[in-house]
Amino acid sequence: MSTYLDHYCERVAAGAWGEPVNTLSNLAFIVAACWALGAWQRSELGLRRGAVILLLIALIFSIGIGSGVWHLQATPWAIWLDVIPILLFINVYLLATLAYGLHWRWFEVLAGWLAYQLCNQCLASSMPADTLNGSVFYLPTWLALALLALAHRRIAPAMARAFWRGWLLFSVSLLFRTFDARWCGTFPLGTHFLWHLLNALLLGSLTLALLKLRTAAIRPWRSPA
């Protein structure tokens with residue numbers, strides 16, 4: 001008998017397609033990646049200045065594929081296909097926004113990134129991994145969105161607004177992820193698929209906000225004298 005991990009309401013047995021809605025809702029990440037890619041192609045960035053945006057788009061696409069495989073198979077090896085692209089997106093975006101949004105120097109960016117990692121490690125060591133149905137893993141990111149919104153409010157108000165919208169969106173999606181297991185009795189389908197849909201919107205919109213920031217930064221260089 002195959003080993004599988006039963007983490008969500010929708011899955012009641014082993015085997016592929018045990019979570020059809022959770023699996024197919026990951027198509028939202030593919031749509032978000034295509035949405036952001038289209039915006040990048042219409043921008044003035046080009047490959048050199050827009051490489052970080054392309055990397056983020058590729059990671060959104062990878063999240064959709066990896067999470068889709070994880071919910072399709074629900075095996076111990078498949079969970080890494082879900083986790084790794086998410087971790088990479090969070091860290092790449094954090095480094096990019098500290099550098100391009102706040103204009104921090106490289107050692108300040110490194111210090112900010114290390115502070116985020118320390119927060120993650122402290123939380124992981126002080127709380128069980130299944131706290132809040134596993135959503136405890138995302139609390140440092142939830143806090144980081146609010147701190148980034150505050151940090152950008154004067155230097156880049158448009159980014160600050162994007163981070164506040166992202167923080168509110170992520171707050172709602174975290175609730176759906178957290179209460180998925182608690183509502184199984186009354187709603188067997190669960191609410192995890194809403195986590196996918198809202199987070200696809202979140203990652204796509206945050207990537208677009210960073211794209212607009214980078215585009216605005218190069219426009220003075222392209223303006224006629």
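Note that the structure is a prediction, hence the values are computed from the model and not measured. (Residues numbered from 1 in each chain as written. Predicted model: local features only at pLDDT ≥ 70, side-chain atom pairs only at ≥ 80, totals over all residues. Heavy atoms only, no water.)

1. Some details on the nonpolar core
Ile53, Phe89, Tyr93 and Phe163 are the most contacted members of the largest nonpolar core, which has 48 residues in total. For this core, the elements supplying multiple residues, two or more each, are α2 (27-42), α4 (51-73), α5 (78-101), α6 (106-126), α7 (139-152), α8 (157-178) and α9 (192-222). A total of ten residues in this core trace back to one element, the largest contributor, which is α9. Contact partners of Phe89, with chain neighbours within four places excluded, come to Leu56, Leu59, Ile60, Ile63, Leu203 and Thr207. (Core = buried A, V, L, I, M, F, W, Y, C linked by side-chain atoms within 4.5 Å. Buried < 20%, exposed > 50% of the residue type's maximum accessible area, 1.4 Å probe, protein only. Helix = DSSP H or I, 4+ residues; strand = E, 2+ residues; numbered from the N terminus. Contact = heavy atoms within 4.5 Å.)

2. Points about α7
Structural remark: α-helix, 3.6 residues per turn; residues separated by three or four positions point the same way. Given a rise of 1.5 Å per residue, 14 residues ought to cover 20 Å, and the 20 Å separating the end C-alpha atoms of α7 matches this to within 8%. Among the residues of α7, Pro140, Thr141, Ala144, Leu145, Ala146, Leu148, Ala149 and His152 are the ones counted as buried. (Expected span 1.5 Å × (residues − 1).)

3. Notes on the environment of Leu27
With respect to the element layout, Leu27 can be found in helix α2. Note: C-alpha distance between Leu27 and Ala209 (182 residues apart in sequence) is 22 Å.

4. Examining the pattern of salt bridges
Per the stated rule, a full pass over the model turns up two salt bridges. Of the charged contacts in the structure, one is a salt bridge between Glu19 and Arg11, with a shortest N-O distance of 2.8 Å. You can call Arg11 buried: its relative accessible area is 1%. Note that Arg105 is salt-bridged to Glu108, the shortest N-O span being 3.4 Å. (Salt bridge = Lys/Arg side-chain N within 4 Å of Asp/Glu carboxyl O.)

5. A word on the side chain of Asn91
Structurally, Asn91 can be placed in helix α5. On the basis of relative accessible area, Asn91 is assigned to the buried category, the value being 17%.

6. A few points about the layout of surface pockets
Its volume calculated, the largest pocket comes out at about 1,100 Å³. Surrounding the largest pocket, 48 residues form its lining, Ile86, Leu87, Ile90, Phe137 and Tyr138 being those nearest its centre. Listed by contribution, the elements that provide at least two residues to the lining of the largest pocket are α4, α5, α6, α7, α8 and α9. The element contributing the most residues to the lining of the largest pocket is α5, with eleven residues. Looking at the lining of the largest pocket, its residues break down into 32 nonpolar, 13 polar and three charged. Forming the walls of the second largest pocket are 23 residues, and the residues nearest its centre are Ala158, Met159, Ala162, Ala209 and Lys212. Looking at side-chain class alone, the lining of the second largest pocket contains 16 nonpolar, three polar and four charged residues. (1 Å grid on protein atoms, 1.4 Å probe; cavity = no way out; pocket = protein on both sides within 12 Å on 5 of 7 lines; lining within 4 Å. Points joined across faces, edges and corners; volume = space filled by probe spheres on them. Nonpolar A, V, L, I, M, F, W, Y, C, P; charged D, E, K, R; others polar.)

7. Here we look at the packing of α6 against α7
α7 packs onto α6 with a crossing angle of 145° between their chain directions and a minimal axis gap of 9 Å. The element α6 and its partner α7 pack so that their crossing is right-handed. Contacts between α6 and α7 involve Tyr116, Cys119, Asn120 and Leu123 from the former and Leu139, Pro140, Thr141 and Ala144 from the latter. Looking at the contact of α6 with α7, its residues break down into six nonpolar, two polar and no charged. (Axes fitted to C-alpha atoms, helices over the stretch in contact; angles between N-to-C directions. Left-handed = near helix turned anticlockwise from the far one by under 90°.)

8. Details of the confidence of the model for the chain
Taken residue by residue, the chain gives an average pLDDT of 91. The fraction at 70 or more is 96%. The secondary-structure element of the chain with the lowest mean pLDDT is helix α3 (residues 46-49), recorded at 82, while α7 shows the highest, at 97. Predicted confidence is poor over residues 220-225, with pLDDT under 50, and the contacts of this stretch with residues over four places away or in other chains come to three contacts. (pLDDT = per-residue confidence, 0-100.)

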